[in-house]
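# Summary of structural features
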Amino acid sequence: RTLPNFAMESVSHDQMPFAHGDIKNIPYVHGGFFGAAPFMLTNPHWISILRILMPDVYVEISRRAAYAPAPKLIHWAENNPVVAAYGTAHELEFSGRVPTLEWDVFLDPYLVKRVEIVLNEKEGFLQRQRDSRKKAHKESHRKDDDHGLDVMEGENDDE
């Protein structure tokens, strides 16, 4: 479940209380659900996931949660994969739909160029394969036509 459960505590008792009280709404849904981060931080199950998968982020945000107001706690979560998973799970759980996700991805330009080269080579390879099949198909039909003429000529010789 993705709703906060204040009656339940995680094993390490790490619910994160907010200095300015409970949050009543998500102020902004963007960047992989980063506006849902304060809600995620009240859920022991998702805090555990964050702690296991991203311990450095967990330590940083657990320090901030003690003094920062909820709207200030969303920026760390922009494009964070755990927060995106939480938001997606929440939407699926409560609406039954998988949401469309706006999520920025930052890629190494060198790797992007390599992928472009591979994709261009793939396209060239596939085109050469298509051309080769067409040529083989045409040659096959031409041989069949030539063979048919030979057979017809042979039949005519018998007469």
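Further up the page is the structure itself.
Here the structure is a predicted model, which is why all the values come from computation and not from measurement.

Rules used throughout
- Residues numbered from 1 in each chain as written.
- Predicted model: local features only at pLDDT ≥ 70, side-chain atom pairs only at ≥ 80, totals over all residues.
- Heavy atoms only, no water.
- Salt bridge = Lys/Arg side-chain N within 4 Å of Asp/Glu carboxyl O.
- Helix = DSSP H or I, 4+ residues; strand = E, 2+ residues; numbered from the N terminus.
- Buried < 20%, exposed > 50% of the residue type's maximum accessible area, 1.4 Å probe, protein only.
- Arc of directions from axis to C-beta.
- Contact = heavy atoms within 4.5 Å.
- Axes fitted to C-alpha atoms, helices over the stretch in contact; angles between N-to-C directions.
- Parallel < 35°, antiparallel > 145°, perpendicular 65-115°, else oblique.
- Left-handed = near helix turned anticlockwise from the far one by under 90°.
- Nonpolar A, V, L, I, M, F, W, Y, C, P; charged D, E, K, R; others polar.
- Core = buried A, V, L, I, M, F, W, Y, C linked by side-chain atoms within 4.5 Å.
- Expected span 1.5 Å × (residues − 1).
- Polar contact = N/O pair within 3.5 Å; in protein donor to acceptor, adjacent residues only side chain to side chain.

Okay, the pattern of salt bridges next. What the rule picks out here adds up to 2 salt bridges. Between arginine 64 and glutamate 60 there is a salt bridge, and its shortest N-O distance comes to 2.3 Å. With arginine 64 and glutamate 60 both in helix H3 (residues 55–65) and 4 residues apart, the pair spans about one turn of that helix. Arginine 64 sits in the partly exposed class, given a relative accessible area of 25%. The salt bridge partner of arginine 130 is glutamate 123, with a shortest N-O separation of 3.4 Å. Overall, the relative accessible area of 31% leaves arginine 130 in the partly exposed class. Relative accessible area serves as the criterion here: at 43%, glutamate 123 is assigned to the partly exposed category.

Right, let's get into H3. If you check which residues of H3 are buried, you get Val57, Tyr58, Ile61 and Ala65. All buried residues of H3 project into a common sector of 100 degrees when viewed along the axis, lining one side. Facing away from the buried surface of H3 by more than 90 degrees, the exposed residues are Asp56 and Arg63. If you follow the buried residues of H3, they end up packed against helix H2 (44–53).

The next subject is the packing of H2 against helix H4 (residues 81–95). Remark: H2 packs on H4, axes separated minimally by 10 Å, with the N-to-C direction vectors making an angle of 155 degrees. Between H2 and H4, the angle is such that the two are roughly antiparallel. Where H2 crosses over H4, the two elements pack in a sense that is right-handed. Residue-level inspection shows Trp46, Ile49, Leu50 and Leu53 of H2 in contact with H4, the latter providing Val82, Ala85, Tyr86 and Ala89. Per-class residue counts for the contact of H2 with H4 are 8 nonpolar, no polar and no charged.

Glancing now at the packing of H2 against H3. Packing of H2 against H3 leaves a shortest axis separation of 5 Å and a crossing angle of 125 degrees. Here H3 runs oblique to H2, going by the angle between their axes. For the pair formed by H2 and H3, the contact residues are Ile47, Leu50, Arg51, Ile52 and Leu53 on the first element and Pro55, Val57, Tyr58 and Ile61 on the second.

Another aspect to go through is the nonpolar core. One finds Met40, Leu50, Trp76 and Val83 to be the most contacted residues of the largest nonpolar core, which totals 22 residues. Broken down by element, this core gets its largest block of residues, 4 residues, from H3. Here leucine 50 is in contact with Met40, Leu41, Pro55, Val57, Tyr58, Ile61, Trp76, Asn80 and Val82, once residues within four sequence places are set aside.

Looking now at unusual backbone geometry. Leaving glycine out, the prevailing phi sign among residues is negative, and the prevailing peptide bond configuration is trans. Although it is not a glycine, asparagine 79 adopts a positive phi angle of roughly 60 degrees. Here asparagine 79 is to be found in the loop between H3 and H4. Using a relative accessible area of 15% as the deciding quantity, one classes asparagine 79 as buried.

A few words now on H4. The end-to-end C-alpha distance of H4 is 21 Å, a good match for the 21 Å that 15 residues give at a rise of 1.5 Å each. Every buried residue belonging to H4 is among Val82, Val83, Ala84, Tyr86 and Gly87, and all of these are buried. Structurally, H4 contributes buried residues whose contacts are with helix H1 (37–40) and H2. Backbone nitrogen of valine 82 and a side-chain oxygen of the N-cap are separated by 2.8 Å at the start of H4; the cap is asparagine 80. Glycine 96 sits one or two positions beyond H4 and adopts a positive phi of about 80 degrees.

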